[in-house]
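# Understanding the architecture of this molecule
Each chain is listed here by its residues.
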2 protein chains.
Amino acid sequence: MKNNVISGVKCTDCPIQHRAVCSRCDHAELMLLESMKKYRSFKAGEAIFWRGDDLTYVASVIEGVATLEKTMEDGRTQMVGLLLPSDFIGHPGRTRIDFDVTAASDVVLCCFDRAPFDQLLKDVPHISQRMIELAMDELDAARDWMLLLGRKTAGEKIATFVEMVVRRQHFDRKDGMRPDLVLPLSRGDIANYLGLTVETVSRQIGKLKSDGILEFIDKRRFRVIDLERLQQATGDDDDGGVIV
Amino acid sequence: MKNNVISGVKCTDCPIQHRAVCSRCDHAELMLLESMKKYRSFKAGEAIFWRGDDLTYVASVIEGVATLEKTMEDGRTQMVGLLLPSDFIGHPGRTRIDFDVTAASDVVLCCFDRAPFDQLLKDVPHISQRMIELAMDELDAARDWMLLLGRKTAGEKIATFVEMVVRRQHFDRKDGMRPDLVLPLSRGDIANYLGLTVETVSRQIGKLKSDGILEFIDKRRFRVIDLERLQQATGDDDDGGVIV
DNA sequence: CGCAAGGTTGAATGATCTCAACGTTTGTGG
DNA sequence: CCACAAACGTTGAGATCATTCAACCTTGCG
């Protein structure tokens, strides 16, 4: 059954409560949201929205990874957004979008019909405030991404991507453990993310391996052997000002 | 006198009233803004904010062109924002930014101190609503820009940039006249915008000239000879669905 | 088993960059 | 008003990095 729709899930149990668009809401507001929301599930590879579709709903990512992709007439594509749990899908005040939204892994979304959600943005300051913050965060990410696309070498792009994966997966763990990490995207999707070809992605990942910076269990699962050299390879000035 | 500060300007005479962050405001709200705002002027080339600076105020561009630029340790730079009149400078909810803001031409800003402005975002829904729209517009622009940086050829990048200049300047005229157009940026800034070098920009502009698509009066002023071929050269599917 | 999809590797090509020289415009002070 | 410097822009030749095209390997699945 495709696009399984579920309603009645409790907001108080929600794993993304503290970061999503609803994170500033009080109990009464959460009750309201709870009555409006519907969960939808997508299998890896399924389309969530097609470019030009009517945006009938907006959503928060609960679980999984979704991508935003732009396509040119001749088929060239560029990923322009990578949505992880707590990220927001949709475009308040607009009914269409100009990119495809796809489930890169199995995905669960918390959805709101668009028109009522636009009304919420007007009526509930806690939601519009948080919406502004989320939009600003995404703008910041987009700007880092532009620097990467415009000025970084293939090697720096790959290192930047891997370092981001390391940071986000490490961040999510509270137990201090360092389990094997997982690339959330296929080689093709990584190429798409970084403005490269699959072949170049493959070669550059190979280089991180042969340089002794990463170690791979299989195509997706890996460990970081030398975090410092990985960070150096990104070309960023990460630890600017950090005194150890 | 640098950073000339003026206050007491009337909002009702404001040329960007209908597009800026205040565009939804009613009369009473505009009166409030009028009492809070200060105009600041910057000469071409002057810094508006340095990366890492305390963001003491936010602002709308009244006149001129400002750029946002990211810089890497080794000096590589990438423009990540181009602000024209009515665009917003600042980062609600954050006190620092990670890029330089520079006046690319002489610029006039309508400024609000940051803390009181953050309060306005909480208290005045007309402002927070418009802020969301502006942020979403900028996200859309950022995504088009990512496609350009990641996948377009040098020739397509230049054509896309010129076509945007044509569209925005034409859009501003109501009299239907087609005066000479002006590149709002130097070759260096264009290179920075497009993720290219100055040399490549120069060669590709030369190509548009020798292909008979553009005609130059001087380095900055030009006319479009063949708009259709210019649009084709962008690689975009602009006129998708337009039936003439 | 055999095929399809995803991933790797190699060799050749080509677009863009780099470096260097030269031309042009702008603004400044004599 | 001219001379000059500095900033900006153009052009050429060669180097380089990523792409392209092609072959091959690996994995998962009917």
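Use the structure listed above.
Residues numbered from 1 in each chain as written. Chains lettered and ligands numbered in written order. Predicted model: local features only at pLDDT ≥ 70, side-chain atom pairs only at ≥ 80, totals over all residues. Heavy atoms only, no water.

## With respect to the packing of helix H5 (residues 187-194) of chain B against helix H6 (residues 198-210) of chain B
Residues and elements named next belong to chain B. Relative to each other, H5 and H6 sit at 100°, their axes nearing to 8 Å. Between H5 and H6, the interaxial angle falls into the category roughly perpendicular. Between H5, through Arg187, Gly188, Ile190 and Ala191, and H6, the contact on the second element is made entirely by Val198, Val201 and Ile205. Tallied by class, residues from the contact of H5 with H6 come to five nonpolar, one polar and one charged. (Axes fitted to C-alpha atoms, helices over the stretch in contact; angles between N-to-C directions. Helix = DSSP H or I, 4+ residues; strand = E, 2+ residues; numbered from the N terminus. Parallel < 35°, antiparallel > 145°, perpendicular 65-115°, else oblique. Contact = heavy atoms within 4.5 Å. Nonpolar A, V, L, I, M, F, W, Y, C, P; charged D, E, K, R; others polar.)

## Let's talk about the protein's contact with DNA strand D
Of all residues adjacent to DNA strand D, which total 15 residues, the nearest are Ala154, Thr200 and Arg203 of chain A together with Ser202 and Arg203 of chain B. Counting only the atoms of DNA strand D within 4 Å of the protein, the fraction contributed by sugar and phosphate is 60%. Within the side chain of Thr197 of chain A, one N or O atom sits 3.2 Å away from a phosphate oxygen of DNA strand D. When contributions to the surface near DNA strand D are tallied by element, the ones reaching two or more residues are helix H6 (198-210) of chain A together with H5 and H6 of chain B. (Near = heavy atom within 4 Å. Polar contact = N/O pair within 3.5 Å; in protein donor to acceptor, adjacent residues only side chain to side chain.)

## So, the sheet that holds strand S7 (residues 88-89) of chain B
Residue and element names in this part refer to chain B. On the basis of which strands lie adjacent, the open sheet formed by five strands has the order S1-S2-S9-S4-S7 and antiparallel pairing. Edge strands, defined here as strands with exactly one partner in the open sheet, are strand S1 (5-7) and S7. As paired strands, S1 and strand S2 (residues 38-42) are joined by three bridges and run antiparallel to one another. Within S2, the residue paired with Ile6 across the bridge is Tyr39. Sitting on the sheet, helix H2 (residues 114-123) touches strand S4 (57-63), S7 and strand S9 (107-113), and the angle it makes with S9 is about 75°. (Pairing = 2+ DSSP bridges.)

## Considering the protein's contact with DNA strand C
Of all residues adjacent to DNA strand C, which total 15 residues, the nearest are Arg187, Ser202 and Arg203 of chain A together with Ala154 and Thr200 of chain B. Put simply, 62% of the atoms of DNA strand C that lie within 4 Å of the protein are in sugar or phosphate. Side-chain polar atom of Arg187 of chain A to a phosphate oxygen of DNA strand C: 2.9 Å apart, as the coordinates give it. One of the side-chain N or O atoms of Glu199 of chain B is found 3.0 Å from a base nitrogen in DNA strand C. Within the surface near DNA strand C, the residues separate by chemical class into two nonpolar, seven polar and six charged.

## Regarding the nonpolar core
If you look at the biggest cluster of nonpolar residues, it comprises 104 residues, and the most contacted ones within it are Ile48, Phe161 and Phe222 of chain A together with Ile48 and Phe161 of chain B. Looking at which element gives the most residues to this core, the answer is helix H4 (residues 154-172) of chain A, with eight residues. What Phe161 of chain B contacts, discounting residues up to four positions off in sequence, is Leu183, Pro184, Leu185, Ile190, Tyr193 and Leu194 of chain B. Membership of the second largest hydrophobic core comes to 52 residues, among which are Leu30 of chain A together with Ala20, Phe117 and Val124 of chain B. (Core = buried A, V, L, I, M, F, W, Y, C linked by side-chain atoms within 4.5 Å. Buried < 20%, exposed > 50% of the residue type's maximum accessible area, 1.4 Å probe, protein only.)

## Some words on the relation of the copies chain A and chain B
The transformation that overlays chain A on chain B combines an axial shift of 0.0 Å with a rotation of 180°, and the residual RMSD is 0.1 Å. The relationship between the two copies is best expressed as a two-fold rotation axis. Interface overlap between copies: 100% of the residues of chain A at the interface are likewise at the interface in chain B, consistent with a symmetric, same-surface contact. (Least-squares fit on C-alpha atoms with pLDDT ≥ 70 in both.)

## Thoughts on the pairing of strand S9 (residues 107-113) of chain A
All names here are of chain A. Along S9, six of the seven residues are buried, which leaves the element largely enclosed by surrounding structure. Two elements, strand S2 (residues 38-42) and S9, share five bridges in a ladder whose sense is antiparallel. Within S9, the position partnered with Phe42 by the bridge is Val107. As paired elements, strand S4 (residues 57-63) and S9 share six bridges and run antiparallel to each other. Bridged to Ala59 within S9 is Cys111.

## Quick look at H5 of chain B
Along an α-helix, a turn takes 3.6 residues, which lines up residues three or four apart on a common side. Burial in H5 of chain B covers these residues: Ile190, Ala191, Asn192, Tyr193 and Leu194 of chain B. At the C-terminal side of H5 of chain B, Gly195 of chain B shows a positive phi close to 70°.

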